[in-house]
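These are the residues of each chain, in order.
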Amino acid sequence: METENRTVVTEFILIGLTQSYDIQLLVFVLSLIFYIIILPGNVLIIITIRSDPGLSAPLYFFLGNLAFLDASYSFIVTPRMLVDIFSEKKVISYKDCITQLFFLHFLGGGEGLLLVVMAFDRYIAICQPLHYSSVMSPRACYVMLLALWFGGFFHSILQVILILRLPFCGPNHVDNFFCDVPQVIKLACTDTFAVELLMIFNSGLLTLLCFLGLLTSYAVILCHVHRSASQGKNKAISTCTTHVIIIFLMCGPAIFIYTRPFTALSADKVVSFFHTVIFPLMNPVIYTLRNQEVKTSMKKLLNRHIVCQLVFK
């Protein structure tokens, strides 16, 4: 007798973002241009923060990790999507599908926790400045970094374990351009109501709670800044506003996708496209454009690189 969780399906067929060739071509061109321009910008942010001793504060340490997470996140979906656009049959093996799903939620969960850590960092810096150096010590920063990586791993592996226990023996068409929890679960040959509830709790509810908690924390910070008369008031407001923008970009689509029953909506693919392809690359860039210290350091780094090229020619 076969075991209940035996998987018969060995591959999935991705339906893709759209069936219109013209729209696919437009998506390919725009995504490729965006990918080529913005991804090196994220790499430049990481190099700038690592090479400039003046950017050693925890704020920049976490910004560098945000850029790394987002750059890594962009490799999970975008390259395969660009290749699949010109493929007649968009096939992904069962193992590759599970792997893609794992890293998608591993890095996504880690980034969500990183936003929480960045909010905590701003709260201590603005509301408890006298305790900042002791609370946000280098050792504490590395412990927080390790904790968020572990949290992302636990969040993702839990979902993978639940999916691996499901039998897949019938339809294998994934109604998306990548493998994600809602679409994959719908293909299981069993009642998935309990699993869906667990998934909604693990992804949707936690994302919603983090989102509300982050907005509340930044509201408290902004109220504190508004009442204060410190010289760095405008800088603090600018930094917090940027963090709130990133929170909306990341949590908004995630809440839409994961906090409702797994029923398909017409907007799902569009929201998923921005959530997995566009927004991850934009987050660090948006932050950098509003941070004068990073922009100044980046210009110095680029100028040194240009000078070195001219000298060695």
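Residues numbered from 1 in each chain as written. Predicted model: local features only at pLDDT ≥ 70, side-chain atom pairs only at ≥ 80, totals over all residues. Heavy atoms only, no water.

Per an unreviewed UniProt entry, the protein goes by the name Olfactory receptor and belongs to Mesocricetus auratus. In its Sequence similarities (unreviewed entry) section, the UniProt entry covering the protein states "Belongs to the G-protein coupled receptor 1 family." (UniProt positions renumbered as here; feature names shortened; annotations may be inferred.)

> Looking at this structure, how should I read the packing of helix α8 (residues 233-258) against helix α9 (residues 268-289)?
Between two packed helices, what matters for the description is the angle formed by their axes and the separation of those axes. Taken N-terminus to C-terminus, the directions of α8 and α9 make an angle of 160°; their axes are 9 Å apart at the nearest point. If you check the angle between α8 and α9, you find them roughly antiparallel. Here α8 and α9 pass one another in a crossing that is left-handed. Counting all contacts with α8, which are made through T239, T242, H243, I245, I246, L249, M250, P253, A254, F256 and I257, the residues of α9 involved are D268, V271, S272, H275, F279, N283, I286 and Y287. Looking at the contact of α8 with α9 residue by residue, the classes come out as 12 nonpolar, 6 polar and 1 charged. (Axes fitted to C-alpha atoms, helices over the stretch in contact; angles between N-to-C directions. Helix = DSSP H or I, 4+ residues; strand = E, 2+ residues; numbered from the N terminus. Parallel < 35°, antiparallel > 145°, perpendicular 65-115°, else oblique. Left-handed = near helix turned anticlockwise from the far one by under 90°. Contact = heavy atoms within 4.5 Å. Nonpolar A, V, L, I, M, F, W, Y, C, P; charged D, E, K, R; others polar.)

> Just checking my understanding: could you explain α8 for this structure?
Along an α-helix, residues three or four positions apart point the same way, because every turn accommodates 3.6 residues. With 26 residues, α8 extends 37 Å from end C-alpha to end C-alpha; this agrees with the ideal 38 Å at 1.5 Å per step. At C251, α8 shows its maximal bend, which comes to roughly 25°, and the proline P253 appears one to four places after that position. (Expected span 1.5 Å × (residues − 1). Bend = angle between axes of the 7 residues up to and from the residue.)

> Is there a simple way to think about the state of the cysteines in this case?
What makes a disulfide is a covalent bond joining the sulfur atoms belonging to two cysteines. Going through the model one piece at a time under the given rule, you end up with 2 disulfides. The disulfide bridge from C97 ends at C179, spanning 2.1 Å between sulfur atoms. One quick way to see it: the torsion about the S-S bond of C97 and C179 is about -120°, and its sign makes the bridge left-handed. Of this pair, C97 sits in helix α3 (residues 94-127) while C179 is found in the loop between β3 (173-174) and α6 (181-185), placing the two residues 82 residues apart along the sequence. Classification of C179 by relative accessible area gives buried; the value is 0%. (Disulfide = S-S within 2.5 Å. Buried < 20%, exposed > 50% of the residue type's maximum accessible area, 1.4 Å probe, protein only.)

> Looking at this structure, how should I read the pairing of strand β1 (residues 11-14)?
One face of the sheet, then the other: side chains in a regular strand alternate in exactly this way. Inspection of the sheet shows β1 paired to strand β2 (residues 91-93) by 3 bridges, in the antiparallel sense. Across the sheet, I13 pairs through a bridge with V91, a residue of β2. The pairing of β1 with β3 spans 2 bridges and is classified as parallel. Looking at the pairing, I13 lines up with H173 of β3. (Pairing = 2+ DSSP bridges.)

> Even after reading the chapter, I still don't get the side chain of T276, so can you show me in this structure?
Along the chain, T276 turns up in helix α9. In this view, T276 contacts Y73, V77, T78, L104, F177 and F178; residues no more than four positions away in its chain are not counted.

> Just checking my understanding: could you explain the nonpolar core for this structure?
One recurring pattern in soluble globular proteins: nonpolar side chains tend to sit buried together. Within the largest apolar cluster, 87 residues are counted, with the highest numbers of intra-cluster contacts made by F12, F62, I163, F168, I185 and M199. Looking at which element gives the most residues to this core, the answer is α3, with 16 residues. Setting aside residues no more than four positions away along its own chain, F62 makes contact with L114, V117, M118, D121, M136, C141 and M144. If you look at the next biggest cluster of nonpolar residues, it comprises 5 residues, including I38, L39, A71 and L281. (Core = buried A, V, L, I, M, F, W, Y, C linked by side-chain atoms within 4.5 Å.)

> What am I meant to see in the layout of surface pockets here?
One water molecule sets the probe size; rolling that probe over the atoms shows where empty space is left. The volume enclosed by the largest pocket comes to roughly 460 Å³. Taken together, 27 residues line the largest pocket, and the ones lying closest to its centre are G108, G109, G112, T207 and M250. No other element matches the 8 residues that α3 contributes to the lining of the largest pocket. When grouped by side-chain class, the residues that make up the lining of the largest pocket number 14 nonpolar, 11 polar and 2 charged. Together, 20 residues line the second largest pocket, and I49, R50, L55, F61 and Y142 are the ones closest to its centre. Counting residues per element, the ones that place at least two in the lining of the second largest pocket are α1 (21-51), α2 (58-84) and α5 (138-164). Here the lining of the second largest pocket takes 6 residues from α2, the largest share from any one element. The residue inventory of the lining of the second largest pocket, partitioned by class, reads 14 nonpolar, 4 polar and 2 charged. (1 Å grid on protein atoms, 1.4 Å probe; cavity = no way out; pocket = protein on both sides within 12 Å on 5 of 7 lines; lining within 4 Å. Points joined across faces, edges and corners; volume = space filled by probe spheres on them.)

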